[in-house]
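Listed below are the residues making up each chain.
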Number of protein chains: 2
Amino acid sequence: MPEQNKNEAEEKQEHGTEEVVEDNHSEEHMDEQSENVQEEQEAEVVHPLEVELKEANDRLARTKADYDNFRRRTKEEREAQLKYKSQTLIEKLLPALDNFERALAVEPQSDEAKQLLQGMEMVYRQIEDALQNEGVTVIPTEGETFDPHLHQAVMQVEEEGYERNQIVAELQKGYQLKDRVIRHSMVKVNS
Amino acid sequence: MPEQNKNEAEEKQEHGTEEVVEDNHSEEHMDEQSENVQEEQEAEVVHPLEVELKEANDRLARTKADYDNFRRRTKEEREAQLKYKSQTLIEKLLPALDNFERALAVEPQSDEAKQLLQGMEMVYRQIEDALQNEGVTVIPTEGETFDPHLHQAVMQVEEEGYERNQIVAELQKGYQLKDRVIRHSMVKVNS
């Protein structure tokens, strides 16, 4: 019995050890837990949410890039559109301007006609101002060197006093809208 | 010593028990594990990745909505810009047109002046056509009912044969560019 007691005591002691062992287990458990955490961390690399998150972020990045591109393109288009917005109306007005100039080119005989022409010249200058205000300029011709980007050679002549490719005369006015040629000048060029 | 052996045996037994206990621990551990899984499942609702994913998806949705709005607004702006693109030039041309009309209103005495005026009338009609082509229309006045959206009453008269608010005469032409009034007509209205 005392042995039994001893055994019990031992058992208790064992239990004590067991408790210690249990504590050890707890430590082991801790280790297992931290192992779990490690496993979890490793698992996160291919966690389904991780994949979804990557996809969502990729989509976000692509959408942002598309948006930025669109914004940039839109800005450029709008600037070009604003810059040349008057072009169609100007092009429609040019034939009227040509006729206006032809009408103004007459030599008036009577005072009445002279007065009329003066009034018309004023109107013409007003229209010219409105166009200049919109960025329209007349392409220089006489005396200039022929430039196929600005001029159209409708006649080749051999004229004394002019250099090769120098413009001798203008046959029809050419116009630029800002940096864009909207009608080439028709010119007579020295060959 | 045999006691010690016995003790050892008992110890082994204890160990056995301990093993069982360990098994129990394992079971407990399993329980803890399944508890962990449960916790994980519960935790997934507020899993950091879940939060990040939701944020990313929210950002994506917002960016897409912004992009769509920008695209729609840009389209509307571009359409308006295209629709009224000639407005500034037209507005600049209107004073010249007024003067043009005044110059054409004279009664020519000589044939020379008559011819000159005919040429100028042709030029005027060409300009008018170019403007009409761009969507410019003259606001109707005489005989129309006064409309503050279209007309500006600069004179109130009491004229026989006219109804209340009916326009008696036009003092300056008004113009519309498509559906937009770019200059009100100046009119004399019957009160």
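Residues numbered from 1 in each chain as written. Chains lettered and ligands numbered in written order. Predicted model: local features only at pLDDT ≥ 70, side-chain atom pairs only at ≥ 80, totals over all residues. Heavy atoms only, no water.

The condition is simple: UniProt positions are given in the numbering used here, feature names are shortened, and annotations may be inferred rather than shown by experiment.
By the naming in an unreviewed UniProt entry, chain A is Protein GrpE, taken from Alkalicoccobacillus plakortidis. In its Sequence similarities (unreviewed entry) section, UniProt records this for chain A: "Belongs to the GrpE family."

### Considering the sheet that holds strand β3 (residues 167-172) of chain B
Residue and element names in this part refer to chain B. Under the convention used in this document: Criterion used throughout: strands pair if DSSP finds at least two bridges between them. Only DSSP runs of H or I with at least four residues qualify as helices, and only runs of E with at least two residues qualify as strands; both kinds are numbered from the N terminus onward. Interaxial angles span 0 to 180 degrees and are taken between N-to-C directions of axes, which are lines fitted to C-alpha atoms, for helices over the stretch in contact.
An order of β2-β6-β3 is seen for the three strands of this open sheet, with the pairing classed as mixed. Each edge of the open sheet is held by one strand with a lone partner, namely β2 (151-157) and β3. Between one strand axis and the next, the sheet turns by 30° as a mean value, whatever way the strands run. The pairing of β2 with strand β6 (residues 185-190) spans six bridges and is parallel. Bridge pairing links A153 to V187 in β6.

### Here we look at helix α2 (residues 48-83) of chain A
We count it as follows: Expected span of a helix: the number of residues minus one, times 1.5 Å. Only protein chains enter the accessibility calculation, which uses a 1.4 Å probe. A residue is then buried if its area is under 20% of the maximum for its type, exposed if over 50%, and partly exposed in between. Residue contacts follow a heavy-atom distance rule, with two residues in contact if any of their heavy atoms lie within 4.5 Å.
With 36 residues, α2(A) extends 52 Å between its outermost C-alpha atoms, agreeing within 8% with the 52 Å of an ideal straight helix rising 1.5 Å per residue. Turning to α2(A), its buried residues number three or more, namely A:L49, A:L53, A:A56, A:L60, A:T63, A:Y67, A:F70 and A:T74. Elements that come into contact with the buried residues of α2(A) comprise α2 (48-83) of chain B.

### A word on the sheet that holds strand β5 (residues 180-183) of chain B
Residue and element names in this part refer to chain B. Judged by pairing direction, the sheet is antiparallel, and its three strands sit side by side in the order β1-β4-β5 without closing on themselves. Edge positions in the sheet fall to β1 (136-138) and β5, since each has one partner strand and no second. Direction aside, the axes of adjacent strands within the sheet are offset by 35° on average. Helix α3 (residues 87-104) rests against β1, β4 (175-177) and β5 of the sheet, and its axis sits at about 50° to β5.

### Re the packing of aromatic side chains
The cut-off we apply is this: Planes of paired rings set the category: under 30 degrees apart is stacked, over 60 is edge-to-face and the rest tilted, where pairs are Phe, Tyr or Trp rings (Trp by its six-membered ring) whose centres lie within 6.5 Å. Any Lys NZ or Arg CZ that is within 6 Å of a ring centre and within 35 degrees of that ring's normal is treated as a charge sitting over the ring.
Taken as a whole, this structure holds seven aromatic pairs over all chains when the rule is applied. Ring geometry for A:Y67 against B:Y67: centres 5.0 Å apart, planes inclined by 15°, an arrangement best described as stacked. Placement of the pair is A:Y67 in helix α2 and B:Y67 in helix α2, with the two residues belonging to separate chains. The two residues A:Y67 and B:Y67 agree in class, both being buried. By the ring-pair criterion, three or more aromatic residues cluster together here, those being A:Y67, A:F70, B:Y67 and B:F70. The positively charged end of A:R180 is found above the aromatic ring belonging to A:Y84, 3.5 Å away from the centroid.

### Some thoughts on the nonpolar core
The condition is simple: Remark: nonpolar core denotes a set of buried residues (Ala, Val, Leu, Ile, Met, Phe, Trp, Tyr, Cys) joined through side-chain atoms within 4.5 Å.
The biggest cluster of nonpolar side chains holds 46 residues, and the ones touching the most others in it are A:F100, A:M120, A:I127, B:F100, B:M120 and B:I127. For this core, the secondary structure elements donating two or more residues are α3 (87-104), α4 (111-133) and β4 (175-177) of chain A together with α3, α4 (111-133) and β4 of chain B. With residues up to four places along the chain from it excluded, the contact list for B:I127 reads A:L93, A:A96, A:I127, B:L97 and B:F100.

### Section: the pairing of β5(B)
Residue and element names in this part refer to chain B. Across three bridges, the pairing between β4 and β5 is antiparallel. Bridge pairing in β5 places L177 opposite R180. Here β4 hands over to β5 after two residues, with K178 in that stretch at a positive phi of 55°.

### Some remarks on α3(B)
Applicable threshold: Bending is quantified residue by residue as the angle between axes fitted to the seven-residue window ending at that residue and the seven-residue window starting at it.
The terminal C-alpha atoms of α3(B) lie 25 Å apart, and with 18 residues this matches the ideal 26 Å at 1.5 Å per residue to within 8%. At B:L94, α3(B) shows its maximal kink, close to 30°; a proline, B:P95, follows between one and four residues later.

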